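# Observations on chain architecture
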Amino acid sequence: MPEGISTTTEGQNYRKWHFLHVTPSNIQNLKGKLKELKALYTAKGSKEYYRIYHNGFGNMGDYYLAVISAVDAEDYAKKSKENEALLGEEGKKLFDEVFSYVQKYETESGQMHPDLAYTPSN
C-alpha cells in the first residue's frame, strides 16, 4: 500500500485471505520471494494492494497470510484479473517460484463489519 498500510480500507469490506503454509526449511526462501513480489508490484505500479502477516508464537505450523481488500467478490475478481495482466509473464514466473516453497495453500473470503468495530478512546 504505497500510501501507508491500513487495515481499515474505507468502502472495501470484502476480504480475501491467502494462507501460504511453509515448512521451517523454506521460510527464508519464501520470505525472499515475497520481497521480490513486493518489488515487482511496486515497479509495475500495481493497484491490487495487499498486506502480509506471518503467524506468531502459539500457532501450529508456519505460514504467511496475504490479505486483499475489495468492495465485493466481483471487485476482487476484476482487480485480480487486471493485476495478472499488468504483471504479465514476469509475474507468472515469480508466483510459480513463490508456490514452489509453499507446502499447502488455502484461501478464505469474508466480509468485515466496521459497524461492529470497537476503538477505545485513550
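This write-up is about the structure you can find in this document. Computed from a predicted model, the values in this text were never measured in an experiment.

This part takes up the pairing of strand E1 (residues 14–22). The two faces of the sheet receive side chains in turn, since in a regular strand these alternate between them. For E1, a buried count of eight out of nine residues is recorded, marking the element as mostly surrounded by other parts of the structure. Two strands pair when backbone bridges link them, and E1 and strand E3 (residues 62–70) are joined in this way by nine bridges, in the antiparallel orientation. Paired with Phe19 across the two strands is Leu65, which belongs to E3.

This brings us to the nonpolar core. Core analysis: the largest hydrophobic core is formed by 10 residues, namely Tyr14, Leu37, Leu40, Tyr41, Tyr50, Ile68, Ala70, Tyr76, Leu87 and Leu94. Sequence-distant contacts of Ile68, defined by excluding residues within four places in its chain, comprise Tyr14, Arg15, Lys16, His18, Glu48, Tyr49, Tyr50 and Tyr76. Core analysis: the second largest hydrophobic core is formed by eight residues, Ile27, Leu30, Val98 and Val102 among them.

Analysis parameters
Residue indices begin from 1 for each chain and proceed along its sequence in written order. Residues qualify for local features only when their pLDDT is at least 70, as the model is predicted, and side-chain atom pairs are given and counted only at 80 or more; totals for whole chains, interfaces and linings, by contrast, use all residues. No hydrogens and no water enter the side-chain calculation; it runs on all heavy atoms of the structure. Under the scheme applied here, a residue whose accessible area is under 20% of the maximum for its type counts as buried, over 50% as exposed, and between as partly exposed, the area being computed with a 1.4 Å probe on protein chains only. Comment: elements are numbered from the N terminus, with helices defined as DSSP H or I runs of at least four residues and strands as E runs of at least two. Strand pairing is assigned whenever DSSP detects at least two bridges linking the two strands. For this analysis, a nonpolar core means a set of buried residues of the types Ala, Val, Leu, Ile, Met, Phe, Trp, Tyr and Cys, connected via side-chain atoms within 4.5 Å. Here, residues are in contact when the closest pair of their heavy atoms is within 4.5 Å.

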